[in-house]
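If you want the building blocks of each chain, they are given just below.
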Amino acid sequence: MAGIYIHIPFCKQACHYCDFHFSTSLKNREDLLASIKMELYLQKEYLKGQSLETVYFGGGTPSLLTVAELNSIMDIIHKHHSLQGDAEITLEANPDDLDLKKITELKGSPINRLSIGIQSFYDEDLNWMNRAHRAEEAQSALMNALHHGFENLTVDLIYGYPLLSHEKWNKNLQKVIDLGIPHISAYSMTVEARTALNHQITKGQSAPMDEEQSERQFIFLMETLSANGYEHYEISNFAKDKRYARHNSNYWKGIPYLGIGPSAHSYNGTHRSWNIANNSKYIASIKEKKLPQEQETLTSTNRLNEYIMTSLRTIWGIDFTYILGTFGAEHLHQLQSNAQQHLKSGHLYLHEDKLFLSQKGKLLADRIAADLFF
Ligand code: SF4
């Protein structure tokens, strides 16, 4: 069982908070798509014949591609990799790309899940973020998707930024709840170093993020979605009726994946590799049939810390039996000792030999994971 991630490094415009790899110039589009297909061929042995449970088109903005272009990538995946019949195939999409025509075409393609970057239903917030879409488009993209058979749908929302009052946050959540969206990813606004947002804050043109506001809005998010039947299955992810994101859940469970495209990361259980985050250099290297990537070998400590970091954030928790079997008794005892302070303070709790974050622990997930690290 494995997954493929495909990075489409193009966006219409740069959101002010974003530090992902993308270009707003589409001049390399044809060459880049050809390179992605060639990399899918060059990497056909990477997953050692494991069948693909998921394919994820991320970016960037993969919904900028035509459905014919997406289909042609899927054809190459079918040709060189082994795709399960019931595979989850997700397209990240921005609302301004999802008109009725595109949704109808997508419905006739292998894509069976849409991840729609809504972020907010308020134009003033979208302007502040420099998003390319308008609130009206967010609403109509969701309606189009729901009414044309995409019931496997997730939306991204952002909280914890200066313009987002409690009332607006409540209304944003209420809108996705009322529409019956089965999966929601919600992220606190973070200020990354090389972004326009960081520059604006440094120059005093934007207020800094307020940690207390973010914490209040995270608590409200957890309470509101829980009261409306959503399961909080990962720190930033909520699902109804166990409609967990299979692709991301497999990342968190340490299942191997192949990343294709500039800046994409791959993991095979022992090594992590990552492609160069530069479209022209990526294309030039693939033209010479060379993988433009660096690689690191993960030590046992690296793997244990990654397991702690990812599983602590999920409803599956840190499994002591797995740690004992994979990393040995000494590591298990050390972990149990590291956890003591947080068990006493009530930020962690134990259930059936698994360690979980409590509700108040979820507010401190990264700090607690760091205390558990080796
Ligand atoms: S659309 Fe997504 S990838 Fe592109 S700039 Fe905005 S947040 Fe970043």
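Quick notes on the rules
Residues numbered from 1 in each chain as written. Predicted model: local features only at pLDDT ≥ 70, side-chain atom pairs only at ≥ 80, totals over all residues. Heavy atoms only, no water. Near = heavy atom within 4 Å. Nonpolar A, V, L, I, M, F, W, Y, C, P; charged D, E, K, R; others polar. Domains from an automatic or database assignment. Contact = heavy atoms within 4.5 Å. Salt bridge = Lys/Arg side-chain N within 4 Å of Asp/Glu carboxyl O. Polar contact = N/O pair within 3.5 Å; in protein donor to acceptor, adjacent residues only side chain to side chain. Helix = DSSP H or I, 4+ residues; strand = E, 2+ residues; numbered from the N terminus. Axes fitted to C-alpha atoms, helices over the stretch in contact; angles between N-to-C directions. Left-handed = near helix turned anticlockwise from the far one by under 90°. Buried < 20%, exposed > 50% of the residue type's maximum accessible area, 1.4 Å probe, protein only. Pairing = 2+ DSSP bridges. Core = buried A, V, L, I, M, F, W, Y, C linked by side-chain atoms within 4.5 Å.

Draft legend 1. Here's a closer look at the site of the ligand. Close contacts around the ligand come from Cys 11, Gln 13, Cys 15, Tyr 17, Cys 18, Phe 20, Phe 22, Gly 60, Thr 61, Asn 94 and Arg 131, and that covers them all. The residue makeup of the shell around the ligand, split by class, is 6 nonpolar, 4 polar and 1 charged.

Draft legend 2. Representation of the domain arrangement of the protein chain in the model. The domains assigned to the protein chain are domain 1 (2-252) and domain 2 (300-372). Centre-to-centre separation of domain 1 and domain 2, based on C-alpha positions: 29 Å. Contacts between domain 1 and domain 2 engage 13 residues on the former and 10 residues on the latter. The interface formed by domain 1 and domain 2 holds 1 salt bridge in total. Of the charged contacts, one joins Glu 234 and Arg 313 as a salt bridge, the two residues approaching to 3.0 Å between their closest N and O atoms. Summed over the shared surface of domain 1 and domain 2, the number is 5 residue pairs in polar contact (both at pLDDT 80 or more). Listed by contribution, the elements that provide at least two residues to the side of domain 1 that touches domain 2 are helix H8 (211-227), strand S7 (231-234) and helix H9 (246-252). When its residues are assigned to classes, the side of domain 1 that touches domain 2 shows 7 nonpolar, 3 polar and 3 charged.

Draft legend 3. Looking closely at the packing of helix H13 (residues 329-345) against helix H14 (residues 365-372). Across the interface, H13 lies against H14 with an axial gap of 8 Å and an inter-helix angle of 145°. The element H13 and its partner H14 pack so that their crossing is right-handed. For the pair H13 and H14, the contacting residues are Leu 335, Asn 338, Ala 339, Gln 341 and His 342 in the first and Ile 368, Asp 371 and Leu 372 in the second. Its residues assigned to classes, the contact of H13 with H14 comprises 4 nonpolar, 3 polar and 1 charged.

Draft legend 4. Seen up close, the side chain of Glu 234. Turning to its location among the elements, Glu 234 is positioned in strand S7. We classify Glu 234 as buried; its relative accessible area is 4%. With residues near it in sequence (within four places) discarded, Glu 234 still touches Trp 252, Arg 313 and Thr 314.

Draft legend 5. Representation of the sheet that holds strand S13 (residues 318-319) in the model. One open sheet holds the 3 strands; their spatial order is S13-S15-S14, and the pairing between them is antiparallel. The open sheet has two edge strands with one neighbour each: S13 and strand S14 (348-351). With 4 bridges connecting them, S14 and strand S15 (residues 354-357) associate as antiparallel partners. Across the sheet, residue His 351 finds its bridge partner in S15, namely Lys 354.

Draft legend 6. The arrangement of the nonpolar core in detail. Ile 6, Phe 57, Ile 73, Leu 114, Ile 318 and Leu 372 are the most contacted members of the largest nonpolar core, which has 92 residues in total. Tallying contributions element by element places helix H2 (residues 67-80) first for this core, with 6 residues. Shared between two domains, this core holds at least three residues of each, these being domain 1 (2-252) and domain 2 (300-372). Sequence-distant contacts of Leu 114, that is, excluding residues within four places in its chain, are made with Leu 91, Leu 98, Ile 103, Leu 106, Ala 145, Phe 150, Asn 152, Leu 153 and Thr 154. In terms of nonpolar packing, the next biggest core, distinct from the first, is built from 5 residues, Tyr 233, Ala 239, Tyr 244 and Ala 245 among them.

Draft legend 7. Just the pattern of salt bridges, in detail. Within this structure, the stated rule accounts for 17 salt bridges. The partner of Lys 12 in a salt bridge is Asp 97, and the shortest N-O contact between them spans 3.0 Å. Placement of the pair is Lys 12 in the loop between strand S1 (2-8) and helix H1 (29-42) and Asp 97 in the loop between strand S3 (83-93) and helix H3 (100-107), with a sequence separation of 85 residues. For Lys 12, a relative accessible area of 45% gives the class partly exposed. Residue Arg 29 pairs with Glu 69 through a salt bridge whose shortest N-O separation is 2.7 Å. You can see Arg 29 sitting in helix H1 and its partner Glu 69 sitting in helix H2, a full 40 residues away along the chain. In this structure Glu 69 comes out as buried when scored by relative accessible area, which is 13%. Connected through shared salt-bridge partners, Lys 12, Asp 96 and Asp 97 make up one network.

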